[in-house]
Amino acid sequence: MTTTAPARRNWKQTLERFFMLDLLKGFALTFKYTRKVLTEPRGTGGDPLRGAYTEFYPEERPKVSERFRGAPRLNLDPATGDTLCIACNLCALACPENCINVGAVNRVVMEDGKAKKKKVLATYVYDTSRCMFCDLCVEACPTDCIELTQEFELASYNRAGMVWDREQLEKGREIVRYGRQLN
């Protein structure tokens, strides 16, 4: 059985390792790419992103994709202001996570002088902590009353804040707009 001795480094490799030349090359490359950020103010030359690689998130909201699915919303009829939901429960049946609960009551409504029973939406509860934003509830809805909006700020301090009732879904979530603080 033959064993080979490990290859020895020559004097050049030893000096490169001693003076950490690879580290210095990395610093030089990093400085090369960030030189414009360090020297030019943001938005120079007509380009809003020139001089910076990052987004200033709370002050400037990022652009999300057109197909992004975020916070749910119950749409209202623009003419009457009533909900478009007919309490058919198809959204709850389509939801794979069972995070939608629809409650309905039967009411007697007069139409054309005749009394008819009509199912009316009583409660609508949407648990956003369990939702995977798959859009199946939107596809199942026959009246387009539910939609997933472009809003992505859904953080809450407790789990109870993630369960939205009908009123929260209709009016939407209050979004805090941050601005630059000048001292």
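Refer to the structure presented above.
Residues numbered from 1 in each chain as written. Predicted model: local features only at pLDDT ≥ 70, side-chain atom pairs only at ≥ 80, totals over all residues. Heavy atoms only, no water.

(A) Region of interest: the overall build of the protein chain. A count of helical and extended segments in the protein chain gives 5 helices and 5 strands. Scanning the protein chain from its N terminus toward the C terminus, one meets helices and strands in the order α-α-β-α-β-β-α-β-β-α. Out of the 183 residues in the protein chain, the part that is buried amounts to 20%. For the protein chain, contacts bridging at least 24 residues in sequence account for 58% of all contacts bridging at least 6. (Helix = DSSP H or I, 4+ residues; strand = E, 2+ residues; numbered from the N terminus. Buried < 20%, exposed > 50% of the residue type's maximum accessible area, 1.4 Å probe, protein only. Contact = heavy atoms within 4.5 Å.)

(B) Looking closely at the state of the cysteines. Summed over the entire model, instances satisfying the criterion amount to 0 disulfides. With no disulfide partner, C85 has as its closest neighbouring cysteine sulfur the one in C145, 4.2 Å distant. For C85, a relative accessible area of 13% puts it in the buried group. With no disulfide of its own, C95 lies 3.4 Å from the sulfur of C99, the closest cysteine sulfur. (Disulfide = S-S within 2.5 Å.)

(C) Fine view of the side chain of N75. Structurally, N75 is set in the loop between β1 (72-74) and α3 (90-94). Looking at N75, the relative accessible area reads 18%, which means it is buried. Reaching out from N75, the side chain makes a polar contact with the side chain of R73 at a distance of 3.3 Å. With residues near it in sequence (within four places) discarded, N75 still touches T83, L84, D144, C145 and E147. (Polar contact = N/O pair within 3.5 Å; in protein donor to acceptor, adjacent residues only side chain to side chain.)

(D) The nonpolar core, seen in detail. Core analysis: the largest hydrophobic core is formed by 23 residues, its most contacted members being I100, Y124, Y126, C137 and I146. If you list the elements that add at least two residues to this core, you get α3, β3 (114-127), α4 (136-140) and β4 (146-148). Ranked by the residues each element gives to this core, the list is headed by β3, at 3 residues. If sequence neighbours within four positions are ignored, I146 has contacts with R73, L74, Y124, Y126, C137, V138 and C141. (Core = buried A, V, L, I, M, F, W, Y, C linked by side-chain atoms within 4.5 Å.)

(E) Here's a closer look at unusual backbone geometry. The phi dihedral of D135 falls on the positive side, at around 75°, and the residue is not glycine. If you trace the backbone, D135 turns up in the loop between β3 and α4. A positive phi angle, close to 55°, is found at D144, a residue other than glycine. Relative to the helices and strands, D144 is located in the loop between α4 and β4. You can call D144 exposed: its relative accessible area is 53%.

(F) Representation of the sheet that holds β3. Taken in spatial order, the 3 strands of this open sheet run β2-β3-β5, and their pairing is antiparallel. Bordering the open sheet on either side are β2 (100-111) and β5 (163-164), each of which pairs with just one other strand. With 12 bridges connecting them, β2 and β3 associate as antiparallel partners. Within the sheet, the bridge partner assigned to I100 lies in β3 and is Y126. (Pairing = 2+ DSSP bridges.)

(G) Examining the side chain of T83 more closely. Mapped onto the fold, T83 is located in the loop between β1 and α3. Here C85 takes part through its backbone nitrogen, which lies 3.2 Å from a polar atom of the side chain of T83. Setting aside its immediate chain neighbours within four residues, T83 contacts N75, L76, L121, R166 and E170.

(H) Quick peek at the pairing of β3. Counting the residues that bridge the hairpin from β2 to β3 gives 2 residues, and of these D112 lies at a positive phi of roughly 55°. Where β3 meets β5, 2 bridges bridge the pair, whose relative direction is antiparallel. Across the sheet, Y126 pairs through a bridge with W164, a residue of β5.

(I) Helix α2 (residues 21-39), seen in detail. Given a rise of 1.5 Å per residue, 19 residues ought to cover 27 Å, and the 26 Å separating the end C-alpha atoms of α2 matches this to within 8%. The largest bend along α2 reaches roughly 45° and is located at Y33. (Expected span 1.5 Å × (residues − 1). Bend = angle between axes of the 7 residues up to and from the residue.)

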